[in-house]
Amino acid sequence: QKEVEQNSGPLSVPEGAIASLNCTYSDRGSQSFFWYRQYSGKSPELIMSIYSNGDKEDGRFTAQLNKASQYVSLLIRDSQPSDSATYLCAHNAGNMLTFGGGTRLMVKP
Amino acid sequence: DGGITQSPKYLFRKEGQNVTLSCEQNLNHDAMYWYRQDPGQGLRLIYYSQIVNDFQKGDIAEGYSVSREKKESFPLTVTSAQKNPTAFYLCASMAMLGNQPQHFGDGTRLSIL
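Keep in mind that this is a model prediction, so the values were computed, not measured. (Residues numbered from 1 in each chain as written. Chains lettered and ligands numbered in written order. Predicted model: local features only at pLDDT ≥ 70, side-chain atom pairs only at ≥ 80, totals over all residues. Heavy atoms only, no water.)

(A) Focus on a nonpolar patch on the surface. Together, B:Tyr10, B:Phe12 and B:Leu113 line one region of the surface with nonpolar side chains, adding up to about 380 Å² of accessible area. Mapped onto the fold, B:Tyr10 is located in strand 2 (residues 10–13). (Patch = residues over 30% accessible without salt bridge, like charges linked within 9 Å, V, L, I, M, F, W, Y side chains within 5 Å. Areas by Shrake-Rupley, 256 points an atom, 1.4 Å probe, with all protein chains shown as cover. Salt bridge = Lys/Arg side-chain N within 4 Å of Asp/Glu carboxyl O. Helix = DSSP H or I, 4+ residues; strand = E, 2+ residues; numbered from the N terminus.)

What follows is the structure, encoded as C-alpha cells:
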C-alpha cells in the first residue's frame, strides 16, 4: 500500500512563530513531492514542489525532503492568521498523486 | 486564463435522481481526476483518465460513472446507486510529463434534498 501519513492536528502556533508540518511516505520510488494548502470550503492550492533532497525556499515557506528517511516537511516562518488552513502532502509515483489526510494548522493572533 | 472550471458550484439531488458534475480544463493536460471529500476528511479518488476514451476506477467508484470523449472534458455522473452522495467533489488535471503536480478546480458541493 502506497501511503502518505500526516498528523491530522490541529497544530496550533502563535502569530509570528514557525509552523512545522511533517509528512512520511512509504513508496521509495517517489520522485516528486508537493504541498497543498486548503482553506475551509475551498479547493486545494499548490504552494510548494520539491524534487531533490535538501531544502527549497519560497518566501516564508521552506520545503525539506529526505528521501533516505522518507519524510518531507513544510516550514512556515512568521506564521500569520491567514496561514490557518489544512495542509496536504502528496507525492507523485507513476503519474498518480497519493495524498495524505492533511494537517490542520491554526495560527492564533 | 488557463485553468479548470467546475460547474455548478452547488448542486442538489433528489432521491432516485442522477446528476452530472461538469469539469472542463484548458491547460492541455492529458490526465484528469475526480475526488470526493467529506467534511474534515482527506481526498478519495473516484475515477481518473489519462487519455481520451479511456478511464480507470479509483478507490470509491461504486455509484459513479464518467466519460472522456474530449481531452478538455471529464464529466462525473452521481447515480441513484450512490446512497450517500453529500460531499465536496473536486476535479483535477495533470500534465503527463512525469513528476508533475495536479491542479484543482474550485469544486462542486452536492447535497441531497
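(B) Molecular detail of the packing of aromatic side chains. Under the criterion given, the structure shown has 11 aromatic pairs over all chains. Here the aromatic rings of A:Tyr36 and A:Phe99 are separated by 5.6 Å at their centres, their planes lie at 55 degrees, and the arrangement is tilted. Separated by 63 residues along the polypeptide, A:Tyr36 in strand 4 (residues 32–38) and A:Phe99 in strand 10 (residues 97–99) bring together distant segments of the chain. Taking the relative accessible area as the measure of exposure, A:Tyr36 reaches 1% and is therefore buried. On the basis of relative accessible area, A:Phe99 is assigned to the buried category, the value being 13%. Ring plane angle 65 degrees and centroid distance 6.0 Å describe the contact between A:Phe99 and B:Phe104, whose orientation is recorded as edge-to-face. Of this pair, A:Phe99 sits in strand 10 while B:Phe104 sits in strand 10 (residues 103–104), each in a different chain. As far as burial versus exposure is concerned, A:Phe99 and B:Phe104 are alike and both buried. Among the aromatic side chains, those forming a connected cluster through ring pairs are A:Tyr36, A:Phe99, B:Tyr33, B:Tyr35, B:Tyr48 and B:Phe104. The ring of B:Phe74 carries the charged tip of B:Arg68 above its face, separated from the ring centre by 6.0 Å. (Phe/Tyr/Trp six-rings, centres within 6.5 Å; stacked < 30°, edge-to-face > 60°. Buried < 20%, exposed > 50% of the residue type's maximum accessible area, 1.4 Å probe, protein only. Lys NZ or Arg CZ within 6 Å of the ring centre and 35° of its normal.)

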